[in-house]
Amino acid sequence: MAIEVTRQYLPPLDEEGRAAAQVKREGEVGGETGRDRHYLPDMPDEDPYQAGHRTCAGCGPAIEYRWVLKAAGQDTVVAGPTGCMYVANSTYLCTPYTVPWAHTPIASGGSFTSGMAAGYEAMIRKGRHPGPYPNIIVMAGDGSAADIGLGSISGALYRNHDALFICYDNECYANTGIQVSPTTPYAGLTTFTPFGKANPAGKQLPPKNLARMMAEGHPHCYVATTTVGYPVDLINKTRKGLNHQGAAFMHCFTPCQKGWVYQTSMTVELGRRVVESGLFPVWEYDPAERKYHYFHPPVQRPVTDYLAMQGRFGHMLPEHVAATQRAANLNWQDIGMDVPAELREGEDPARHAKLKEESYSMPLNRGVGA
Ligand SMILES: Cc1ncc(C[n+]2csc(CCOP(=O)(O)OP(=O)(O)O)c2C)c(N)n1
Ligand code: SF4
Ligand SMILES: [Mg+2]
């Protein structure tokens, strides 16, 4: 007789006090109001992603891995397609995981994870695994999820396997030397998008909107975007994705210190500034309602506050900055927010200097324990 497959429930953390809950002064652009800078969330103690890996100092994907696995806990199995987070986390006979983990080829994160999900279901039904059904997660880079392995992840979402499919997005093929990927932003410098006299912008195409594509194309799936700037949001969306019975997809913005060239302590700050400058909308798609729920950040900044912190944008000319502000303003409209006059004026190249000469709000270097 078939045994029933029982599922786990992971309770979301209290979101009170995170930046979203704070009120900003009317008409204010930029500044620190409402960011609740010193909020330390109630992180779970357990750490299935332990210290001892070999990612770069300040690595955004490593932070994402750690928080996702804290959210999921010990009853979890993980797959990792080829990329930095496979190579830097696994040497011969050694990984930083205290949960089962497997490497997959870069193209097959989705199909491998489908197999794990179907296998656990079958083993539990036949009494060969005691259950409950484990948390099944794959964390794939943007090169894998948005490009080489897109088909296999889309197939897994379409077939609705009960697993969480995550794209950790460092906006480049980092592990092979920072090459361009479909999510590399406009004008983002990579080894395959050099700038020069004939092409001063470098990368000319806008980034692929991977998460929107996943939500629109697989309307029965839970889909969310988040960043390493919002730990509670990241943890809660991980848990909601795992609690959802069926396939879930999460797109997480994860700065790459080596590829983007910034101060190592600024990874989390960049995770907030990308949202506050309108360049990475944070939202959740609820398949039951077929509806998007947008996070409206309490601070809206000019894009220069984000771009100027990173060496990869250092070559940008006034027209490139203005084009980026235009794209951000369209994003603000898409998520139902007003575009303040100062940001609207930023669409005019005459309002800008070269990026390296622009003035921008300096980040606070909080250092350890601040
Ligand atoms: C089919 C195939 N093509 C190319 C590679 C070489 N390769 C290994 S890691 C990597 C980069 C992957 O980029 P991404 O998925 O964004 O992960 P990241 O390195 O940025 O963490 C590439 C291209 C490969 N392993 N397999
Ligand atoms: S190259 Fe980027 S993604 Fe890779 S380990 Fe370093 S910081 Fe992390
Ligand atoms: Mg990548």
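Here goes a summary of the coordinates provided.

Description of the overall build of the protein chain
Check the secondary structure of the protein chain and you find 12 helices and 8 strands. Here the C-alpha radius of gyration of the protein chain, 20 Å, is about what a compact globule of 370 residues would show, namely 21 Å. Seen through its principal axes, the protein chain has C-alpha atoms that stretch 75 × 45 × 40 Å. Taking all 370 residues of the protein chain together, the buried fraction comes to 55%. For the protein chain, long-range pairs separated by at least 24 residues make up 73% of all intrachain contacts whose partners lie at least 6 apart in sequence. Carbon and sulfur atoms form 55% of the exposed surface of the protein chain, whose accessible area is close to 15800 Å². One way to put it: in the protein chain the 33 positive side-chain charges average out to a point 5 Å from where the 37 negative ones average out.

Quick word on the site of ligand 2
Near ligand 2 the following residues occur: Thr-55, Cys-56, Cys-59, Pro-61, Cys-84, Asn-170, Cys-256, Gln-257 and Lys-258. Considering only residue class, the shell around ligand 2 consists of 5 nonpolar, 3 polar and 1 charged.

Quick notes on the site of ligand 1
In the vicinity of ligand 1 there are 16 residues, among which Cys-84, Gly-143, Ser-144, Tyr-168 and Asn-175 approach most closely. The contact in question runs from an oxygen atom of ligand 1 to an N or O atom on the side chain of Asn-170, over 3.0 Å. Ala-174 is positioned such that a nitrogen or oxygen atom in its backbone is 3.0 Å from an oxygen atom of ligand 1. Expressed as a share of its isolated accessible area of 580 Å², the protein-covered part of ligand 1 is 73%. A per-element tally of the shell around ligand 1 places helix α4 (residues 142-148) first, with 4 residues. Here the shell around ligand 1 is composed, by residue class, of 7 nonpolar, 8 polar and 1 charged.

Quick notes on helix α1 (residues 60-72)
Side chains that are three or four residues apart share a direction in an α-helix, a result of its 3.6 residues per turn. If you check α1, its first and last C-alpha atoms are 18 Å apart, about what 13 residues at 1.5 Å a residue would give, namely 18 Å. α1 sits mainly inside the fold: 11 of its 13 residues count as buried. Within α1, burial applies to Gly-60, Pro-61, Ala-62, Glu-64, Tyr-65, Trp-67, Val-68, Leu-69, Lys-70, Ala-71 and Ala-72. The positive-phi residue at the C-terminal boundary of α1 is Gly-73, with phi of around 85°.

A short note on the coordination of the magnesium ion (ligand 3)
The coordination sphere of the magnesium ion (ligand 3) contains the protein donors Asp-142 (OD), Asn-170 (OD1) and Cys-172 (O), at a distance range of 2.0 to 2.2 Å. Written as a sequence motif, the donor arrangement for the magnesium ion (ligand 3) is D-x27-N-x1-C. Each member of the pair, Asn-170 together with Cys-172, is buried.

Remarks on the pattern of salt bridges
Within the structure shown, the criterion is met by 13 salt bridges. We note a salt bridge from Arg-273 to Glu-269, for which the minimum N-O separation is 2.8 Å. In this pair, Arg-273 and Glu-269 both sit in helix α9 (residues 267-276), 4 residues apart, roughly one turn of the helix. Taking relative accessible area as the criterion, Arg-273 reaches 0% and is therefore assigned buried. Between Glu-276 and Arg-301 there is a salt bridge, and its shortest N-O distance comes to 2.8 Å. One end of the pair, Glu-276, is in helix α9; the other, Arg-301, is in the loop between β8 (291-294) and α10 (304-307), with 25 residues separating them in the sequence.

A closer look at the pairing of strand β3 (residues 135-141)
Counting buried residues in β3 gives 7 out of 7 residues, a clear majority hidden from the surface. In β3, alternate side chains face the same way, and those of Asn-135, Ile-137, Met-139 and Gly-141 on one face and Ile-136, Val-138 and Ala-140 on the other are all buried. Of the strand pairs in this sheet, strand β1 (residues 76-81) and β3 are connected by 4 bridges, and their pairing is parallel. Each residue of the ladder has a partner; that of Val-78, found in β3, is Ile-137. Taken together, the 5 bridges between β3 and strand β4 (residues 164-169) define a ladder with parallel strand orientation.

Reading guide: rules and limits
Residues numbered from 1 in each chain as written. Chains lettered and ligands numbered in written order. Predicted model: local features only at pLDDT ≥ 70, side-chain atom pairs only at ≥ 80, totals over all residues. Heavy atoms only, no water. Helix = DSSP H or I, 4+ residues; strand = E, 2+ residues; numbered from the N terminus. Rg over C-alpha atoms; globule rule 2.2 N^0.38 Å. Buried < 20%, exposed > 50% of the residue type's maximum accessible area, 1.4 Å probe, protein only. Contact = heavy atoms within 4.5 Å. Areas by Shrake-Rupley, 256 points an atom, 1.4 Å probe, with all protein chains shown as cover. Lys, Arg positive; Asp, Glu negative; His and termini not counted. Charge placed at Lys NZ, Arg CZ, Asp CG, Glu CD. Near = heavy atom within 4 Å. Nonpolar A, V, L, I, M, F, W, Y, C, P; charged D, E, K, R; others polar. Polar contact = N/O pair within 3.5 Å; in protein donor to acceptor, adjacent residues only side chain to side chain. Expected span 1.5 Å × (residues − 1). Donors = N, O, S within 2.8 Å, 3.2 Å for Na, K, Ca; no water. Salt bridge = Lys/Arg side-chain N within 4 Å of Asp/Glu carboxyl O. Pairing = 2+ DSSP bridges.

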